[in-house]
Every structure is written in C-alpha cells, then in structure tokens.
Amino acid sequence: MKQFIDFIPLLLFFIVYKLDPRAVDFAGHSLTVGGIYSATAVLIISSLVVYGALFVSQRKLEKSQWLTLIACLVFGSLTLAFHSETFLKWKAPVVNWLFALAFIGSHFVGDRLLIKRIMGHAVSLPDLIWTRLNIAWIAFFLFCGAANLFVAFTFQDYWVDFKVFGSLGMTLLFLIGQGIYLSRHLHDADPTTPKTED
C-alpha cells in the first residue's frame, strides 16, 4: 500500500504533463498549465501534500518515503530552476539505486535484512528465504533504475509514460511474483494445525 501511495503524485504529474499548454489566470497571475514544467510543479506540491498528510496522520514517515520526498524536491526544484528536464529524468534511477543500496547494505550492517525489518512482523520465514527475498528486491531496484534511465535518454517521447505506467507495471508484476514465491514457502515456517472433528 505504501508503494502505491508514492504513485499518487506521479499520476497527477502525468495528467498535467499530458495537457496542452495553456495560460490560466490564478490570483491575478498568469500561469502556464500543461507540459513538463507545470507538471513538475504539480509533482512537488502534490508530494508535499501527500507526505505531509501522512506525517500528520501517522506522526512519522518511513525512511523510503523521506527519500522519495527529498528526491522529488531536489530533482524537481533543479528542473524548474535550470529549466531542464534532464534533472527530473535522473530522479527515478537515483531513487531506485539508493533503495537497492539500502537493501545491499542490510547484508553487512545491522542484525536483520531490510526485507525482514519491513515484513518480519507480518510473516515468519526461514533465513534462507529472507535472504533470497532481499536479493530479489536488490535486483528489482537495480533493474528499475536502469530501465528508467535507458528509456528517459533513448525514447525521449515516451519517458513520462514509462515513468508512470512502466514503473507501476513493473512494481505490480514484481509484487505478484513475490506473493507467489511467498505462498510456496509460508508453510515452511507456519506450524500445521491438525483438524478436529466436532
């Protein structure tokens, strides 16, 4: 669920990006709506609203949410300040690779793998399965980062579409695959309860 919350600002970004650029009067000022730069402004504002609301309701944000928010503010602000979409194109690869780095680091720092810290309260699994899951998340984030970077600088007309729907599709497929993998191994840790007849 937390991962899908991250897509709310991205979907708003996509909608505004796809609008034909037009001038809109707002509070006595003329603003251009549509295209990459107004969409970037919407991405920044909506991220602040979404994560701000989460922070108010939960009294905290997860580290991954802080990273996503900070990356949005940094790369989005640079895009607007320098009027260059190149900065925004680097946001998804950098964020994905930082996530991969965090999962890699958990193999060497701390007493538990990152995936176990995230999911350990919900499921009980053998250590080997936790290790495989953690490695799968590393591979997933490395692949997502590389795919976003490749599309952004190779297929310039489609990078926004891929950033939204490609990322969402890859995440859904990966989570479905993870669910199938987990379903095969949950019995390894769960005790079987014998049936009783009434």
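Quick caveat: nothing in here was measured; it's all calculated off a predicted structure.

**Student:** When you look at the UniProt feature "transmembrane region" (unreviewed entry) in the protein chain in this model, what are you seeing that I'm missing?
**Tutor:** Per the UniProt record, "transmembrane region" (unreviewed entry) is found at residues 34–54, 66–82, 94–114, 135–156 and 162–182. When the span residues 34–54 is considered, its composition is 90% helix and 0% strand, and the gap between its end C-alpha atoms is 27 Å. Spanning residues 162–182, this segment combines 100% helix with 0% strand, and its end C-alpha atoms are found 28 Å apart.

**Student:** When you look at unusual backbone geometry in this model, what are you seeing that I'm missing?
**Tutor:** Generally, phi is negative for residues other than glycine and the peptide bonds are trans, each holding for most cases. Positioned with a positive phi, Arg59 is a non-glycine residue whose angle comes to about 65°. Inspection of the secondary structure assignment puts Arg59 in the loop between α3 (36–58) and α4 (63–82). Given a relative accessible area of 65%, Arg59 falls into the exposed group. Positive phi is not limited to glycine here, since His83 has a value of about 50°. Turning to its location among the elements, His83 is positioned in the loop between α4 and α5 (86–105). According to the relative accessible area criterion, His83 is exposed, its value standing at 54%.

**Student:** Sorry if this is basic, but what is going on with the packing of α5 against helix α7 (residues 127–154) here?
**Tutor:** Each pair of packed helices can be summarised by the angle the axes make with each other and by the distance between the axes. Across the interface, α5 lies against α7 with an axial gap of 8 Å and an inter-helix angle of 165°. In terms of orientation, α5 lies roughly antiparallel with respect to α7. Helix-helix and strand crossings are classified by hand; for α5 and α7 the assignment is left-handed. Residues Thr86, Lys89, Trp90, Ala92, Pro93, Asn96, Trp97, Phe99, Ala100, Phe103 and Ile104 of α5 lie in contact with α7, whose contacting residues are Asn134, Trp137, Ile138, Phe141, Leu142, Cys144, Gly145, Ala146, Asn148, Leu149, Ala152 and Phe153. By residue class, the composition of the contact of α5 with α7 is 17 nonpolar, 5 polar and 1 charged.

**Student:** What am I meant to see in the environment of Phe150 here?
**Tutor:** On the secondary structure map, Phe150 appears in helix α7. The class for Phe150 is partly exposed, based on a relative accessible area of 49%. Sequence spacing of Phe150 and Gly76 is 74 residues, and the spatial spacing of their C-alpha atoms is 20 Å.

**Student:** Explain the pattern of salt bridges here, please?
**Tutor:** Side-chain pairs of opposite charge can arise whenever the charged atoms involved come near each other. Per the counting criterion, the structure on display carries 3 salt bridges. Put simply, Lys18 and Asp161 hold a salt bridge, and the shortest N to O gap is 3.3 Å. Taken as a pair, Lys18 in helix α2 (residues 7–18) and Asp161 in helix α8 (residues 159–185) lie far apart in primary sequence, 143 residues in all. In this structure, the salt-bridge partner of Asp127 is Lys116, at a minimum N-O distance of 3.6 Å. With Asp127 in helix α7 and Lys116 in helix α6 (residues 114–119), this pair connects stretches of sequence that are 11 residues apart.

**Student:** Got a minute to help me understand the packing of α2 against α8 in this structure?
**Tutor:** As a packed pair, α2 and α8 sit with axes 9 Å apart at the nearest point and diverge in direction by 150°. In terms of their interaxial angle, α2 and α8 are classed as roughly antiparallel. Considering only the axes of α2 and α8, their crossing is left-handed. Contact with α2, carried on its side by Phe7, Leu10, Leu11, Phe13, Phe14, Tyr17 and Lys18, involves Val160, Asp161, Lys163, Val164, Phe165, Ser167, Leu168 and Thr171 of α8 and no other residues of that element. Residue composition of the contact of α2 with α8, by class: 10 nonpolar, 2 polar and 3 charged.

Analysis parameters
Residues numbered from 1 in each chain as written. Predicted model: local features only at pLDDT ≥ 70, side-chain atom pairs only at ≥ 80, totals over all residues. Heavy atoms only, no water. UniProt positions renumbered as here; feature names shortened; annotations may be inferred. Helix = DSSP H or I, 4+ residues; strand = E, 2+ residues; numbered from the N terminus. Buried < 20%, exposed > 50% of the residue type's maximum accessible area, 1.4 Å probe, protein only. Axes fitted to C-alpha atoms, helices over the stretch in contact; angles between N-to-C directions. Parallel < 35°, antiparallel > 145°, perpendicular 65-115°, else oblique. Left-handed = near helix turned anticlockwise from the far one by under 90°. Contact = heavy atoms within 4.5 Å. Nonpolar A, V, L, I, M, F, W, Y, C, P; charged D, E, K, R; others polar. Salt bridge = Lys/Arg side-chain N within 4 Å of Asp/Glu carboxyl O.

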